[in-house]
Every structure is written in structure tokens, then in C-alpha cells.
There are 4 protein chains.
Amino acid sequence: MTHAQQMLETHPRALQVDAGALIACIDACFDCAQTCTACADASLAEPDVEILLRCITLCQNCSDVCIATGRVLTRQTEFVPELARRVVEACLDACRRCAEECERHAHHHEHCRVSAEECRRCEQACEDVLSALAT
Amino acid sequence: MTHAQQMLETHPRALQVDAGALIACIDACFDCAQTCTACADASLAEPDVEILLRCITLCQNCSDVCIATGRVLTRQTEFVPELARRVVEACLDACRRCAEECERHAHHHEHCRVSAEECRRCEQACEDVLSALAT
Amino acid sequence: MTHAQQMLETHPRALQVDAGALIACIDACFDCAQTCTACADASLAEPDVEILLRCITLCQNCSDVCIATGRVLTRQTEFVPELARRVVEACLDACRRCAEECERHAHHHEHCRVSAEECRRCEQACEDVLSALAT
Amino acid sequence: MTHAQQMLETHPRALQVDAGALIACIDACFDCAQTCTACADASLAEPDVEILLRCITLCQNCSDVCIATGRVLTRQTEFVPELARRVVEACLDACRRCAEECERHAHHHEHCRVSAEECRRCEQACEDVLSALAT
């Protein structure tokens with residue numbers, strides 16, 4: 001049981017979204033935020049940093065959007081599904097673009113391979129939350 | 001001249017969005033992030049905190065989304081207009097909903113009035129960036 | 001193996017801090033950031049919100065400081081031990097004060113109990129990084 | 001009158017720190033967070049990016065610490081002076097180190113010159129808050 005799950009299960013109000021999808025997405029957002037900060041930093045230290053500029057920028061953007069998304073989804077006291085939907089859509093897009101770019105460098109840089117995987121996991125979690133919000 | 005303007009004017013690459021709209025939105029995002037954190041905090045200290053729960057949550061969400069948006073727009077080295085568009089759409093929505101809620105309390109709480117104004121300013125700045133991105 | 005561990009093991013530069021202490025602290029910071037955002041939000045929804053104001057504020061502060069600390073520790077390309085030390089000292093203090101307050105409400109509110117545990121875990125992880133930085 | 005000033009003047013509780021020092025530091029933290037994100041991004045696009053790695057990392061760290069500090073200082077409902085002191089000490093250190101590094105590149109890169117100035121302004125604002133907290 002993750003800490004996000006523990007926290008949501010002890011929330012005084014009933015969740016307005018499927019708990020499984022919500023917890024998976026919150027966890028993925030915080031994990032992806034860490035991984036993307038790490039990949040941007042590791043890429044800076046590579047000898048071929050000049051071909052990694054897009055990777056670095058997309059990782060930084062993805063990390064910032066993931067933090068905001070993870071927090072918005074965490075706040076269930078006055079949850080606004082339509083706002084959550086737009087934020088998660090932006091997060092899904094940030095994760096997808098970051099994953100695509102990291103995948104281009106994954107065979108040269110192991111940190112890009114790990115980061116791409118984490119972004120794909122978060123992208124999928126965002127899709128699942130969007131499905132849950134639509135029902 | 002704001003510091004955001006100074007920084008963008010010294011950027012080694014050409015901007016891909018109208019500079020005026022971009023600078024206004026970046027400034028508005030960081031200002032709104034501060035104001036919404038302040039309004040959430042001031043609302044906590046009000047005797048009628050129980051009717052301000054939605055205001056507090058929307059302010060916290062707006063602050064987090066504004067920080068992410070201000071940073072994504074600031075990063076011009078590998079700017080991706082489509083990603084920026086989705087992030088700004090989420091920010092516009094966060095600002096609009098926060099403004100609507102703060103306006104409901106503006107006649108009782110001066111901090112809600114100021115916060116609503118700041119959110120409306122950021123909402124408009126987001127609209128202007130979306131227009132600039134569409135051209 | 002956590003993703004923070006995977007990322008640090010693929011970093012092109014040698015770490016300047018004990019890897020075990022570093023990874024544990026990075027993971028604890030991101031986990032604690034989520035948990036404290038969740039506890040602040042859950043506390044807002046409690047009928048006795050007025051006695052939870054200190055808990056809410058300390059949770060919000062702790063969450064923000066944990067995000068900053070988790071990111072500073074993640075960045076190993078140009079790691080500055082003295083800066084890291086000061087940031088981790090602030091994080092340790094934020095976690096300790098938040099834990100103390102949450103513990104006061106832990107018998108009434110399960111989310112405060114979970115949050116206190118997470119803060120204590122992060123506090124300990126900060127102490128271990130400070131010990132590692134001192135050697 | 002800045003928006004931070006407007007917000008603090010409408011806060012339902014009495015401030016526990018000198019208002020002038022507090023407002024100046026909050027404003028400086030949010031401005032510095034934007035400027036440092038911008039300098040890190042502009043540096044990425046420079047032909048001599050490889051000698052700017054330390055500048056980029058210190059700017060990113062400074063931006064994250066400034067956001068956390070600006071928010072902790074903004075929250076006055078349950079202000080804890082001792083926690084604020086530690087956070088501001090970390091921020092002062094982040095600003096000073098970032099300024100020192102940016103100053104080394106200020107004659108080549110105008111964005112480093114602007115960023116160094118903003119960091120020095122925030123460093124001074126942190127010192128003034130520390131003095132105010134000590135009285």
C-alpha cells in the first residue's frame with residue numbers, strides 16, 4: 001500500500017473519482033517529477049549535452065507539470081473534476097512528449113531509458129484518470 | 001521593464017511567441033501564484049473558514065498550476081507551442097474558477113477581492129497567450 | 001529498487017555523497033511532499049478544522065520545502081555539499097515541526113497519524129544525509 | 001504597492017515580522033525564481049553551454065528554494081519564526097552561490113548579469129528578514 005493510498009483511504013470525504021486510478025496517477029506524478037529532474041540533471045553532465053537540450057527542457061517542464069498535477073489530484077476536499085481533467089490533459093501531453101524525446105536517446109543513455117519508462121507509466125496513469133473522470 | 005522582460009530580451013534564441021503576450025503571462029503567473037498562496041492562508045485564519053474551503057482549495061490549485069505554467073512559458077530554448085497551449089489552457093481554467101469563487105467572498109474579505117482581481121488578470125494573460133500561439 | 005536509485009546509478013558523474021543516504025532522502029522528500037499535501041487537504045474537510053490550522057500550515061510548508069529539497073539533492077551534476085546541507089537542515093526542521101503537530105491529532109485523525117509517520121521518516125533521512133555530508 | 005503587500009495588509013492576523021522586510025523578501029523570492037529559471041534556460045542555448053553547467057544547476061536550485069521560501073514567508077496564519085529562519089538561511093545561501101557563479105559569466109552573457117543582480121537583491125532581502133526575525 002502506497003502512502004498516497006493510505007492518505008486517500010483516511011480522507012473524511014468520499015472520493016469523486018475511482019480510487020485506484022487516482023492513487024496510481026498521484027504516485028506516478030510524484031515519481032515522474034523526481035525522475036525527470038534526475039534525467040535533466042544527468043543529461044547536463046553528458047559529453048553530448050548539445051544534442052540533449054530538448055530532452056533537458058522537456059524533462060524540466062514535465063517535472064513541474066507533474067508536481068502541480070499530483071497536488072491537484074491529491075486535493076479531494078473540494079475536488080473539481082473539470083479542472084482536474086484539464087490539468088491531467090496537460091500532464092499527459094508533457095509526459096508523452098518527454099517520453100518520445102527520451103526514447104530517442106535511450107540506447108545511448110540509460111537515464112533516458114529509465115526516464116522514458118517513467119514518463120510512459122505516468123502518461124498511461126493520466127489516461128486512466130481521464131477515463132475515470134469521464135464516467 | 002519587468003525582470004521577465006529583461007530575461008527574454010537577453011535570450012540567445014528568437015522567441016516563438018509574441019513577446020508582449022508571453023512576458024505579461026509569465027509575470028501574471030508568478031504574481032498569481034503568490035497571491036493565491038496568500039489568499040488560501042488568509043482564508044484559513046477567518047472566523048468563517050468553513051465556508052471558505054472551496055476558496056482555499058482552488059487557491060492552492062491555482063498557485064501550483066501558475067508556478068508550473070510560468071516556468072514552462074519561461075523556457076524558450078526548446079519551446080513546444082502545443083505543450084504550452086495545453087498547460088496555459090489548464091492555467092486559464094484554474095484562474096477562472098479561483099476568481100469565480102473568490103469573487104463570491106470579495107465583499108466580506110478584502111484578500112479575496114485582491115486575489116480575484118489577480119486571477120482575472122492572469123486568466124486574461126492566458127487568453128492572450130493562447131491567441132498568440134494560435135497565429 | 002526505487003526509481004531515484006535507478007536514476008542515480010545511471011548518472012554520468014560519481015556521487016559526492018553516500019548513495020544509500022542520498023536515495024533514501026530523495027525518496028522520503030517526494031513521498032513526504034505528497035503526504036503533507038494530502039494531510040493539509042484532509043484536515044480542511046474535518047469538522048474540527050479550526051483546531052487544525054497549525055497542522056494545515058505546517059503541512060503546506062513541509063510539502064513545499066520537501067519538493068525543493070528532493071530536487072536539490074537529485075541534482076548531482078554540480079552538487080554543492082554546503083548548499084545541500086543548509087537546504088536539508090531546513091527540511092529536517094520542517095518535517096520535525098510538522099510531525100510534532102500531526103502527532104497531537106493522530107489519535108483523532110488517521111491522516112495525521114500517517115502524515116506524522118512520513119514526516120518522521122523524512123526527518124530521519126535528512127539526519128542521515130547530514131551525517132553523510134559531514135564525513 | 002505590490003500584490004504581496006496588498007495581500008499581507010488584508011490578512012486577518014497581525015504579522016509577526018516587520019512587514020516591510022517580509023514583503024520585500026516575498027517579492028524578491030518570486031522574482032528570483034522566475035529569473036533563475038530563465039537564466040538556466042538561456043544558458044542551455046549558449047554555444048559555451050559546457051562551461052555553464054554550474055550556473056544552470058545553481059539557477060535551478062535557487063529557483064526551487066526561492067519558491068518554497070516565498071510560500072513559507074507568505075503563510076502568516078500559523079507562522080513559525082524558527083522554521084522561517086532556517087528556510088530563509090537556505091535561500092540566502094542558494095542566492096549567494098548562484099549570484100557568485102552568474103557574476104563569473106556576466107560579462108559574456110547579459111542574462112547572467114541580470115540573474116546575478118536579481119539573486120543579490122534576494123540575498124539582501126533574506127538578510128533583512130533574518131535581522132527582522134532576530135529582533
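Relevant structure appears above.
Residues numbered from 1 in each chain as written. Chains lettered and ligands numbered in written order. Predicted model: local features only at pLDDT ≥ 70, side-chain atom pairs only at ≥ 80, totals over all residues. Heavy atoms only, no water.

### As for the relation of the copies chain D and chain B
Then, in step 1: Overlaying chain D on chain B yields an RMSD of 0.0 Å, the required transformation being a rotation through 180 degrees with an accompanying axial translation of 0.0 Å. The symmetry that links the two subunits is that of a two-fold axis. Nearest to the rotation axis, the C-alpha of D:Phe30 is located 3.2 Å from it, this being the minimum over chain D.
Then, in step 2: Interface residue correspondence from chain D to chain B reaches 100%, placing this contact among same-surface, isologous pairings. (Least-squares fit on C-alpha atoms with pLDDT ≥ 70 in both. Contact = heavy atoms within 4.5 Å.)

### Topic: the packing of helix H2 (residues 19-44) of chain D against helix H3 (residues 53-74) of chain D
Residues and elements named next belong to chain D.
Then, in step 1: Packing of H2 against H3 brings their axes to within 8 Å, and their N-to-C directions diverge by 155 degrees. In this view, H2 runs roughly antiparallel relative to H3, as classed from their interaxial angle. Helix-helix and strand crossings are classified by hand; for H2 and H3 the assignment is left-handed.
Then, in step 2: Across the contact of H2 with H3, the residue classes break down as 18 nonpolar, 7 polar and 1 charged. (Axes fitted to C-alpha atoms, helices over the stretch in contact; angles between N-to-C directions. Helix = DSSP H or I, 4+ residues; strand = E, 2+ residues; numbered from the N terminus. Parallel < 35°, antiparallel > 145°, perpendicular 65-115°, else oblique. Left-handed = near helix turned anticlockwise from the far one by under 90°. Nonpolar A, V, L, I, M, F, W, Y, C, P; charged D, E, K, R; others polar.)

### Considerations on the interface of chain C and chain A
Then, in step 1: Contacts between the two partners involve 35 residues from chain C, matched on the other side by 35 residues from chain A.
Then, in step 2: In total, about 3,100 Å² of surface goes out of reach between chain C and chain A, with carbon and sulfur atoms giving 63% of it.
Then, in step 3: It is C:His3, C:Met7 and C:Gln34 that lose the most area in chain C upon contact with chain A, and together they represent 23% of the buried surface on that side.
Then, in step 4: Here chain C is connected to chain A by 2 salt bridges.
Then, in step 5: Note that C:Arg71 is salt-bridged to A:Asp64, the shortest N-O span being 2.9 Å.
Then, in step 6: Our enumeration of links across chain C and chain A arrives at 18 residue pairs in polar contact (both at pLDDT 80 or more).
Then, in step 7: Of all elements in the fold, only helix H1 (3-9), helix H2 (19-44), helix H3 (53-74) and helix H5 (110-134) of chain C reach the threshold of two or more residues within the side of chain C that touches chain A.
Then, in step 8: Here the side of chain C that touches chain A gets 12 residues from one element, more than from any other, and that element is H2(C).
Then, in step 9: Of the residues in the side of chain C that touches chain A, the class split is 13 nonpolar, 13 polar and 9 charged. (Buried area = accessible area lost by both parts, 1.4 Å probe. Salt bridge = Lys/Arg side-chain N within 4 Å of Asp/Glu carboxyl O. Polar contact = N/O pair within 3.5 Å; in protein donor to acceptor, adjacent residues only side chain to side chain.)

### Some remarks on the relation of the copies chain C and chain A
Then, in step 1: Mapping chain C onto chain A calls for a rotation angle of 180 degrees and an axial translation of 0.0 Å; the resulting RMSD is 0.0 Å.
Then, in step 2: When the interface residues of chain C are mapped onto chain A, 100% of them again fall at the interface, so both copies present the same face.

### Things to note about the side chain of D:Glu78
Then, in step 1: Along the polypeptide, D:Glu78 turns up in the loop between H3 and helix H4 (81-105).
Then, in step 2: Looking at D:Glu78, its side chain comes within polar contact range of the side chain of D:Arg13, at 3.2 Å.
Then, in step 3: When neighbours within four sequence positions are excluded, D:Glu78 is seen to be in contact with C:Leu53, C:Arg54, C:Thr57 and D:Arg13.

### Remarks on the interface of chain D and chain B
Then, in step 1: Taken residue by residue, the interface counts 35 residues in chain D and 35 residues in chain B.
Then, in step 2: Between chain D and chain B, a total of about 3,100 Å² is buried, with carbon and sulfur atoms accounting for 64% of that surface.
Then, in step 3: The three residues of chain D that bury the most area against chain B are D:His3, D:Met7 and D:Gln34, which together make up 23% of that side's buried surface.
Then, in step 4: For the pair chain D and chain B, the number of links is 2 salt bridges.
Then, in step 5: Here chain D and chain B share 18 residue pairs in polar contact (both at pLDDT 80 or more) between them.
Then, in step 6: Elements with a contribution of two residues or more to the side of chain D that touches chain B: helix H1 (3-9), H2, H3 and helix H5 (110-134) of chain D.
Then, in step 7: A total of 12 residues in the side of chain D that touches chain B trace back to one element, the largest contributor, which is H2(D).
Then, in step 8: When the residues that make up the side of chain D that touches chain B are grouped by side-chain class, the tally is 13 nonpolar, 13 polar and 9 charged.

### Points about the pattern of salt bridges
Note on pairing: side chains with opposite charge can pair once their charged atoms come close.
Then, in step 1: A full pass over the atoms with the stated rule returns 76 salt bridges over all chains.
Then, in step 2: Residues B:Asp64 and A:Arg75 are paired through a salt bridge, measuring 2.9 Å at the closest nitrogen-oxygen approach. You can see B:Asp64 sitting in helix H3 (residues 53-74) and its partner A:Arg75 sitting in the loop between helix H3 (53-74) and helix H4 (81-105), one on each of two chains. For the pair shown, B:Asp64 and A:Arg75 are each scored as buried.
Then, in step 3: The salt bridge partner of C:Asp31 is C:Arg121, with a shortest N-O separation of 2.9 Å. With a gap of 90 residues between them, C:Asp31 in helix H2 and C:Arg121 in helix H5 connect regions that are remote in the sequence. (Buried < 20%, exposed > 50% of the residue type's maximum accessible area, 1.4 Å probe, protein only.)

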